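# Coordinate analysis (summary)
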Amino acid sequence: MAGPEKRIETRADYKHFLRIPTRWFDNDVYQHVNNTVYYSFFDTVINEYLIREGGLDFEHGEIVGLAIETHCEFKKSIKFPQAVDAGLRIGKLGNSSVRYEVGLFIEGDSECAASGHFVHVFVQRPENRPTPIPAQMREAMSRLLVAI
């Protein structure tokens, strides 16, 4: 028995975008971007936003986010030399954790090529104990929050 058909996500479903070029060595032997690179795109759009908008200091900051869960669904192949527009939104914002939702779009394409999520728990270094998300970062995340 077939399940309900999922709605195809479009660019309108995301609040922030970052263009990321693919690189020659991103392609694998099957002539498309290797699945592990998709998670690199997730990391890039999330951390670029946190650094630029949320004040993340990943090198010297006392509070950082650690990944505790990731997921990706592949819908279309991405190939070098295509550029990827990585869309970002926040699906859930807790006290010390956040669920980022990412959509990857081939440059010029309105339908999602891959989508997934990434969960961070924010910790106080060096003990890595959960801690509340800092105010500046929380405010930046709030701007991307969507109702589910």
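These lines cover the structure that appears in this document, whether it is placed above or below. (Residues numbered from 1 in each chain as written. Predicted model: local features only at pLDDT ≥ 70, side-chain atom pairs only at ≥ 80, totals over all residues. Heavy atoms only, no water.)

### A closer look at the pattern of salt bridges
Within the structure shown, the criterion is met by 14 salt bridges. Between D109 and K76 there is a salt bridge, with its nearest N and O atoms 2.7 Å apart. Taken together, the residues D109 in the loop between strand 4 (97–106) and strand 5 (114–124) and K76 in the loop between strand 2 (63–74) and strand 3 (83–93) connect sequence positions 33 residues apart. You can call K76 partly exposed: its relative accessible area is 30%. For the salt bridge of E101 with R89, the shortest nitrogen-to-oxygen distance reads 2.7 Å. Separated by 12 residues along the polypeptide, E101 in strand 4 and R89 in strand 3 bring together distant segments of the chain. In this pair, the class of E101 matches that of R89, namely buried. Connected via shared salt-bridge partners are E48, R52, E53, E139 and R143. (Salt bridge = Lys/Arg side-chain N within 4 Å of Asp/Glu carboxyl O. Helix = DSSP H or I, 4+ residues; strand = E, 2+ residues; numbered from the N terminus. Buried < 20%, exposed > 50% of the residue type's maximum accessible area, 1.4 Å probe, protein only.)

### A closer look at the pairing of strand 1 (residues 16–21)
Where burial is concerned, the two faces of strand 1 differ: the one with H16, L18 and I20 is buried and the one with F17, R19 and P21 is not. Pairing of strand 1 with strand 3, which is carried by six bridges, proceeds in the antiparallel orientation. Bridge pairing in strand 3 places P21 opposite A83. (Pairing = 2+ DSSP bridges.)

### Notes on the layout of surface pockets
The calculated volume of the largest pocket comes to roughly 260 Å³. Lining the largest pocket are 15 residues, with K6, E9, E73, K75 and S115 positioned closest to its centre. Elements represented by at least two residues in the lining of the largest pocket include exactly strand 2, strand 4 and strand 5. Looking at the lining of the largest pocket residue by residue, the classes come out as three nonpolar, four polar and eight charged. (1 Å grid on protein atoms, 1.4 Å probe; cavity = no way out; pocket = protein on both sides within 12 Å on 5 of 7 lines; lining within 4 Å. Points joined across faces, edges and corners; volume = space filled by probe spheres on them. Nonpolar A, V, L, I, M, F, W, Y, C, P; charged D, E, K, R; others polar.)

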